[in-house]
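Take a look at the letters that make up each chain.
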Amino acid sequence: MRHLLIALLGLLLAAPSALAAPKSPPFTLFPVIGGASYTNDYGDPRGSGVHEGNDLLAPCGTPVIAVVPGTIRLDWGSRSGWMVTLVGRSSWYRYIHMGVAGDRSSALAKGLRDGSRVKEGQVISYVGRTGDAQRAPCHLHFELHYDRPAVSPYRWLRQAAIVQPNADDPAMATSSSQATLRISGTVQWAATSGGEGRLVVRARKVSCSNGDGVNRRGPIALRAAPELVASLRPGAKITVTTAPATLTSEMLEVRPLAWTAARVS
Ligand SMILES: [Zn+2]
């Protein structure tokens, strides 16, 4: 009996941490339209506590979207400024420092009010610097919650699709835009292992089809089909075009193996 009680107690204690570490992404869209610059600043010391989200830097007025379907709430706090809370089915989100101080309508997208239902990808608010961010650069303070304490959204932000404005419907973002990368340089290394090709290009010039400046030189590791890398020799000049893909932060930063080579010449 005593052992059973101890086992039950163990289960109860284990349950919250199991909930806090989901296997599937809680969200798959990047909250700021067009992306943002950010670092892994979750947990950094801030004033009397720790930083409970990630600061996503983008110009004031940049639209932000609902990362999941849900219901929105609007609150004002002296530290948070305008705060939009998005309550989804199994997670909820805080969007902090929104809009312009003293102007409630600046903190919610047109047609929305406190309590509105929103769709995934719907524009809900705008980047600002309200509350204690008045002297900080314009940014969205973004929090992910399953329960009271926030958990780090960072790893999901890295993998989230960066959405673009939707010309046909300004109330919604579009994540259908795909981009390719063109890399010129020399082959540093090419090999096949376990049926998968790997290619490292010493890049001289990198450009992205969506016009984003990709400032990257030096070695870039790519995935590739085995037949594509079979004939490549180290030192050879090469231009690689990648397979079209939906942009993520990892892709914009050209992280190792973020892109797949589709054509070489
Ligand atoms: Zn912050």
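It should be emphasised that the depicted structure is a prediction, and the values quoted were computed from it without experimental measurement.

Each value, and the rule that gives it
- Residues numbered from 1 in each chain as written.
- Predicted model: local features only at pLDDT ≥ 70, side-chain atom pairs only at ≥ 80, totals over all residues.
- Heavy atoms only, no water.
- Helix = DSSP H or I, 4+ residues; strand = E, 2+ residues; numbered from the N terminus.
- Polar contact = N/O pair within 3.5 Å; in protein donor to acceptor, adjacent residues only side chain to side chain.
- Contact = heavy atoms within 4.5 Å.
- Donors = N, O, S within 2.8 Å, 3.2 Å for Na, K, Ca; no water.
- Core = buried A, V, L, I, M, F, W, Y, C linked by side-chain atoms within 4.5 Å.
- Buried < 20%, exposed > 50% of the residue type's maximum accessible area, 1.4 Å probe, protein only.
- Pairing = 2+ DSSP bridges.
- Axes fitted to C-alpha atoms, helices over the stretch in contact; angles between N-to-C directions.
- Disulfide = S-S within 2.5 Å.

Q: Is there a simple way to explain the side chain of Asp 41 in this structure?
A: Looking at the element boundaries, Asp 41 is found in the loop between α1 (2-20) and β1 (45-46). Only 2.9 Å separates the side chain of Asp 41 from the side chain of Asn 54, close enough to count as a polar contact. When neighbours within four sequence positions are excluded, Asp 41 is seen to be in contact with Arg 46, His 51, Gly 53, Asn 54 and Asp 55.

Q: Help me out: how do you make sense of the coordination of the zinc ion in this one?
A: Metal coordination angles in their ideal form are 109.5 degrees for the four-donor tetrahedron and 90 or 180 degrees for the six-donor octahedron. Looking at the metal site, the zinc ion is ligated by His 51 (NE2), Asp 55 (OD) and His 141 (ND1), spaced 2.0 to 2.1 Å from it. Site description for the zinc ion: donor spacing in sequence, H-x3-D-x85-H.

Q: Looking at this structure, I do not really get the nonpolar core. What am I missing?
A: Where a protein is soluble and globular, its nonpolar side chains tend to be buried together. Core analysis: the largest hydrophobic core is formed by 40 residues, its most contacted members being Phe 27, Leu 86, Tyr 93, Tyr 95, Ile 124, Leu 140 and Phe 142. For this core, the secondary-structure elements that each account for two or more residues are β4 (63-65), β5 (70-77), β6 (81-87), β7 (92-98), β9 (123-126), β10 (139-145) and α2 (154-159). Contact partners of Leu 140, with chain neighbours within four places excluded, come to Pro 31, Val 32, Asn 54, Asp 55, Leu 56, Val 64, Tyr 95, Ile 96, Met 98 and Val 127. The next biggest cluster of nonpolar side chains, apart from the first, holds 25 residues, and it includes Leu 199, Val 201, Met 251 and Ala 261.

Q: Teacher, can you tell me more about the pairing of strand β17 (residues 218-224) here?
A: Successive residues of a regular strand alternate their side chains across the two faces of the sheet. Note: strand β16 (residues 196-208) against β17, seven bridges, orientation antiparallel. The residue of β17 that forms the bridge with Leu 199 is Leu 222. Taken together, the two bridges between β17 and strand β20 (residues 260-264) define a ladder with parallel strand orientation. Across the sheet, residue Ala 224 finds its bridge partner in β20, namely Ala 261.

Q: What is the right way to look at unusual backbone geometry in this model?
A: When glycine is set aside, most residues are seen to have a negative phi, and most peptide bonds are trans. One non-glycine residue, His 97, lies in the positive phi region at around 75°. Inspection of the secondary structure puts His 97 in strand β7. Taking relative accessible area as the criterion, His 97 reaches 5% and is therefore assigned buried. Even without glycine at this site, Leu 257 takes up a positive phi of about 65°.

Q: Help me understand the sheet that holds β16, please; the structure alone is not making it clear to me.
A: Hydrogen bonds between backbone groups are what pair the strands of a sheet, and the pairing can be parallel or antiparallel. Strand order in this closed barrel of five strands is β15-β16-β17-β20-β18, and the pairing throughout is mixed. When strand polarity is set aside, the average angle formed by the axes of neighbouring strands in this sheet is 60°. As paired strands, strand β18 (residues 237-242) and β20 are joined by three bridges and run antiparallel to one another. Paired with Val 240 across the bridge in β20 is Val 264.

Q: Mind showing me how you'd approach the state of the cysteines here?
A: Among covalent bonds in proteins, the disulfide is the one between the sulfur atoms of two cysteines. Under the criterion given, the structure shown has one disulfide. Linked covalently through their sulfurs, Cys 60 and Cys 138 form a disulfide whose S-S length is 2.0 Å. Between Cys 60 and Cys 138 the disulfide shows an S-S torsion of about -95°. By sign, it is left-handed. Of this pair, Cys 60 sits in the loop between β3 (54-57) and β4 while Cys 138 sits in the loop between β9 and β10, placing them 78 residues apart in sequence. Take Cys 60: its relative accessible area is 38%, and that puts it in the partly exposed class. Judged by relative accessible area, which is 16%, Cys 138 ranks as buried.

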